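Summary of structural features
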Amino acid sequence: MKKVTVMIEYADNNLSAYVCDVDGITATGKDEKKVKESVKEAIELYVETCNEMELEIPDILKGEYEIEYEYDLCSFLNAYSKVLSKSALESLTGVNQKQLWHYASGKRKPSKQTLEKVADSIHAFAEELCKVRFTY
C-alpha cells in the first residue's frame, strides 16, 4: 500500500501539518487528534476539488493509501506531552529530562544519534504495548 507522508510541526499553541509529496495540502489543530482529523479532511477536499475541476490527482492520492506521520523531536515532545512525561521518556530513552525540555522548547536540536535513540526506544515501547493483554 502507498504511504502518504504527513509532517507534523509544533507552532506556538497548536500543531500544523502538511503532506510532504503534494503541494498545497495543509492543516492545523490544537492537539494530535484534531490535526490528524484536519489533514485527512484536507486530503479528501483536495482530491474532491481535483475531480470537480478535472485536474490530475497526484498518483500518491489515487486509490488506497496509508498516512504516515513524521515529526521533528520538538513537535513530537509537545504533541505527546500529556501522555508521555519527560520523566517517563527519560526512563524509556535514557535521555536526561533537562535535555528533553531543551528539545521540546526548540532551544536545542538533538544529534542524529539522539534522534535514533529516542525513536528506537519509542518504537520498542510501542511494540511492547501491542503485546499487552488484559484478563478479568
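Let me sum up the structure you'll find in this document. (Residues numbered from 1 in each chain as written. Predicted model: local features only at pLDDT ≥ 70, side-chain atom pairs only at ≥ 80, totals over all residues. Heavy atoms only, no water.)

As a further point, take unusual backbone geometry. For Glu-54, which is not glycine, the phi torsion reads 55° and is therefore positive. Along the chain, Glu-54 turns up in the loop between α1 (32-52) and β4 (65-71). (Helix = DSSP H or I, 4+ residues; strand = E, 2+ residues; numbered from the N terminus.)

As a further point, take the packing of helix α3 (residues 86-93) against helix α5 (residues 112-130). With their axes 9 Å apart at the nearest point, α3 and α5 run at an angle of 95° to one another. Judged by the inter-axis angle, α3 sits roughly perpendicular to α5. Across the interface between the two elements, Leu-89, Leu-92 and Thr-93 of α3 pack against Lys-117, Val-118, Ser-121, Ile-122 and Phe-125 of α5. A class-by-class count of the residues in the contact of α3 with α5 yields 5 nonpolar, 2 polar and 1 charged. (Axes fitted to C-alpha atoms, helices over the stretch in contact; angles between N-to-C directions. Parallel < 35°, antiparallel > 145°, perpendicular 65-115°, else oblique. Contact = heavy atoms within 4.5 Å. Nonpolar A, V, L, I, M, F, W, Y, C, P; charged D, E, K, R; others polar.)

Within the largest apolar cluster, 19 residues are counted, with the highest numbers of intra-cluster contacts made by Val-19, Ile-25 and Leu-61. Elements represented by at least two residues in this core include exactly β1 (2-11), β2 (14-19) and α1. The element contributing the most residues to this core is α1, with 6 residues. If we ignore the near neighbours within four places in the chain, the residues touching Ile-25 are Ala-17, Tyr-18, Val-19, Ala-42, Ile-43, Tyr-46 and Leu-61. Core analysis: the second largest hydrophobic core is formed by 11 residues, Leu-89, Leu-100, Tyr-103 and Ile-122 among them. (Core = buried A, V, L, I, M, F, W, Y, C linked by side-chain atoms within 4.5 Å. Buried < 20%, exposed > 50% of the residue type's maximum accessible area, 1.4 Å probe, protein only.)

Moving on: the sheet that holds β2. Where strands meet in a sheet, backbone hydrogen bonds hold them as pairs that are either parallel or antiparallel. The strand order across the open sheet built from 4 strands is β3-β2-β1-β4, with neighbouring strands paired in mixed fashion. Each having just a single partner strand, β3 (26-29) and β4 make up the two edges of the open sheet. Along the sheet, successive strands turn relative to each other by an average axial angle of 25°, direction set aside. As judged from the 6 bridges shared by β1 and β2, these two strands associate in the antiparallel manner. What sits directly across from Val-6, in β2, is Val-19. (Pairing = 2+ DSSP bridges.)

This next bit is on the pairing of β1. The sheet contact formed by β1 and β4 spans 7 bridges and is parallel. Note that in β4 the partner of Met-7 across the bridge is Glu-70. Counted between consecutive antiparallel strands, the loop separating β1 from β2 contains 2 residues, among which Asp-12 sits at a positive phi close to 55°.

Quick look at α1 now. End to end, α1 covers 30 Å across 21 residues, agreeing with the expected 30 Å (1.5 Å per residue, within 8%). Residues of α1 that are buried include every one of Glu-32, Val-35, Val-39, Ala-42, Ile-43, Val-47 and Cys-50, and no others. The buried residues of α1 occupy one face: seen down the axis, they fall within an arc of 125°. Projecting away from the buried face of α1 at angles above 90 degrees are the exposed residues Lys-33, Glu-41, Glu-44 and Glu-52. For α1, the secondary structure elements touched by its buried residues are β1, β2, β3, β4 and α2 (73-79). N-capping of α1 is provided by Asp-31, with a side-chain oxygen placed 3.2 Å from the backbone N of Lys-33. (Expected span 1.5 Å × (residues − 1). Arc of directions from axis to C-beta. Polar contact = N/O pair within 3.5 Å; in protein donor to acceptor, adjacent residues only side chain to side chain.)

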